[in-house]
Every structure is written in C-alpha cells, then in structure tokens.
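# Descriptive analysis of the structure
Residue-level listing of the chains:
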Amino acid sequence: MTDPTFALLSEPAPVSAPALLGATIAGKGVVLRITEVEAYFGPTDPGSHGHRGPTPRNRHLFGPPGTLYAYRSYGIHTCVNVVSAPAGTSSGSLLRGAEVIGGIETARERRGPSVRDVALARGPGNLGGALGAVLGEDDGTALLDGSGPYVLTLAPGLEARLASHGPARVVEELLSESLPGSSGTGPVPRIGRGPRTGVGGIAGGAQFPWRFWLTGDPTVSTYRRHKGALD
C-alpha cells in the first residue's frame, strides 16, 4: 500500500498544496506548523522556477515527491519548497507562513530577539530563517524518510483520510470546509485561496489562484500583488 503522504505528494502542487496546511516541518531544533503555501507547476506555470526546464540551480525542483527544494530570495533569504508530482516534473509548494510550535527560543535566536512570536516564520524568507535552512546543504534532501535534516508530517487525521479516500477527494473536501463568520456574516472558508504574492504577469493573476492559507491565522503573511500582475 502506498504511503498516504507520498501519494499526496505524487499529485501536482496545485492539488497537494492545500493539504500541507496544518502539517508540521521539524528539524534543527524547531517545529513549525504550516499556515500558508503557494503552489507552482512548471509545465503550465510561467511563474515557476522550472517553467523553462531543469538547470543546475533548480534541479531539485524536478526531484521525487517529498524532496526539499531551496532557493535564495533577494540574495539574502533561503526559501523552502516541498516538491511534489512524479520525478522529472517541475512542481512544488513554497512554504510562505508557519507558527513556531517547538523550539521557539532557537527560532528567536535565528530571527532576532525583538521579533514577535507570530512573525518568527511569517513570510517565506522568515520561515526559512526560523528553520535554519541552508541553501547548499539542505536543498535536495528528503522530507519523508528521516534521512534529511527535516521531517514533514501531515496534520493529525489527514493520513487516515487520504488512505480511505485518496488525495483528490480529500483536498476537495478540505477546500469546502468552512468556519463561522463574524457577527452578521455567513460562514467563511477554512482555507483561503487567491493569486500568489509578488508574482508578475498572468502567473500573478486570477488565472493562478494557487496561494492557500488558514483563514484568520495571524502567522499568515500579508498579500502583496505585484504591480505587473495581469488578470
């Protein structure tokens, strides 16, 4: 029987990404609960690093499901992605926001003493910093079998649901779940979705609503539309 997490990550990132919300990534002295992700799928996605094919820099984005793909943002921050879809396909979910639920003092040492708890891993560069991710060391390591520096574990109960119903149905159910709205409003989606942050052209517009987040969670980053995004 296929491992449910591996089965989920064998799906393209736009399918698997919502199911990463609530998952934990643990290693190097910290545990983070993922609250925000963005999916990228190179074959059809001009916003993906792998849209034009593999290079020495992006080669791990084409790796097997459950690989960690890291890249440097603005020459400073290390950003962490969970690779999905069969090996050879450019597909991954950028981890954009998380709550530090273990090793908070270690995360604070990495991020700075004045950073508030909710901001320690809010935003992809901050998340990578809280994890202590290192571009030349962690890129290409495995997230599922314990052989790498980090281990990804899905939210409680989700593996059982995946084993019973399969990824496509479970993700559809997750996206249909709702929370009570504020006074005078109706229910709101438990998982929000919309265009991706800071992506230009059509890849940053409504045609690619591949940013997913836990509604109302304070560790979710602020959406910033790229001035060149097109709907």
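Everything discussed here concerns the structure shown above.
## Considering the overall build of the protein chain
- Of regular secondary structure, the protein chain possesses 7 helices and 10 strands.
- The globule rule puts the C-alpha radius of gyration for 231 residues at 17 Å, and the 17 Å found for the protein chain is close to it.
- Structurally, the protein chain occupies a C-alpha span of about 50 × 45 × 40 Å along its principal axes.
- Counting every position in the protein chain, which comprises 231 residues, the buried fraction comes to 50%.
- A separation threshold of at least 6 residues defines the contact pool for the protein chain, and within that pool the share at least 24 residues apart is 59%.
- Per element, the accessible surface of the protein chain, about 10,400 Å² overall, is 55% carbon and sulfur.

## Quick notes on the environment of Gly 128
- Looking at where Gly 128 falls in the secondary structure, it is placed in helix 4 (residues 124–131).
- We classify Gly 128 as buried; its relative accessible area is 1%.
- Note: C-alpha distance between Gly 128 and Ser 221 (93 residues apart in sequence) is 14 Å.
- Discounting chain neighbours no more than four positions away, the residues touching Gly 128 are Thr 78, Val 80 and Ala 133.

## Some details on the pattern of salt bridges
- In total, this model carries 14 salt bridges according to the counting rule given.
- Note that Arg 96 and Glu 36 form a salt bridge whose closest N and O atoms lie 3.0 Å from each other. One end of the pair, Arg 96, is in strand 5 (residues 91–102); the other, Glu 36, is in strand 2 (residues 30–41), with 60 residues separating them in the sequence.
- Between Glu 177 and Arg 161 there is a salt bridge, with the nearest N and O atoms lying 3.5 Å from each other. In this pair, Glu 177 is assigned in the loop between helix 7 (167–176) and strand 7 (178–179) and Arg 161 in helix 6 (residues 158–165), connecting sequence segments 16 residues apart.
- For Glu 177, a relative accessible area of 25% puts it in the partly exposed group.
- Of the residues examined, Arg 161 reaches a relative accessible area of 26% and is grouped as partly exposed.
- Here the residues in one salt-bridge network are Arg 161, Arg 169, Glu 173, Glu 177 and Arg 190, joined through shared partners.

## Observations concerning the nonpolar core
- Formed by 45 residues in total, the largest nonpolar core has its most connected members in Ile 25 and Leu 152.
- Sorting elements by how many residues they give to this core places strand 2 first, with 6 residues.
- The residues touching Leu 152, leaving out its near neighbours within four places in the chain, are Leu 9, Leu 20, Ala 23, Thr 24, Ile 25, Ile 34, Val 82, Leu 143 and Leu 144.
- Of all hydrophobic cores here, the second largest spans 10 residues; its members include Tyr 40, Leu 61, Cys 79 and Val 199.

## Re the packing of aromatic side chains
- Here the structure, examined in full by the defined rule, presents 2 aromatic pairs.
- Aromatic side chains Tyr 69 and Tyr 71 sit 6.0 Å apart centroid to centroid with 35° between the ring planes, which places their arrangement in the tilted category. Here Tyr 69 and Tyr 71 have matching classes, each one buried.
- Aromatic pair Phe 208 and Trp 210: ring centres 5.1 Å apart, planes at 85°, arrangement edge-to-face. Of the two residues examined, Phe 208 and Trp 210, each falls in the buried class.
- In this structure, Arg 211 packs its charged tip against the face of Trp 213, placed 4.4 Å from the ring centre.

Rules behind the numbers
- Residues numbered from 1 in each chain as written.
- Predicted model: local features only at pLDDT ≥ 70, side-chain atom pairs only at ≥ 80, totals over all residues.
- Heavy atoms only, no water.
- Helix = DSSP H or I, 4+ residues; strand = E, 2+ residues; numbered from the N terminus.
- Rg over C-alpha atoms; globule rule 2.2 N^0.38 Å.
- Buried < 20%, exposed > 50% of the residue type's maximum accessible area, 1.4 Å probe, protein only.
- Contact = heavy atoms within 4.5 Å.
- Areas by Shrake-Rupley, 256 points an atom, 1.4 Å probe, with all protein chains shown as cover.
- Salt bridge = Lys/Arg side-chain N within 4 Å of Asp/Glu carboxyl O.
- Core = buried A, V, L, I, M, F, W, Y, C linked by side-chain atoms within 4.5 Å.
- Phe/Tyr/Trp six-rings, centres within 6.5 Å; stacked < 30°, edge-to-face > 60°.
- Lys NZ or Arg CZ within 6 Å of the ring centre and 35° of its normal.

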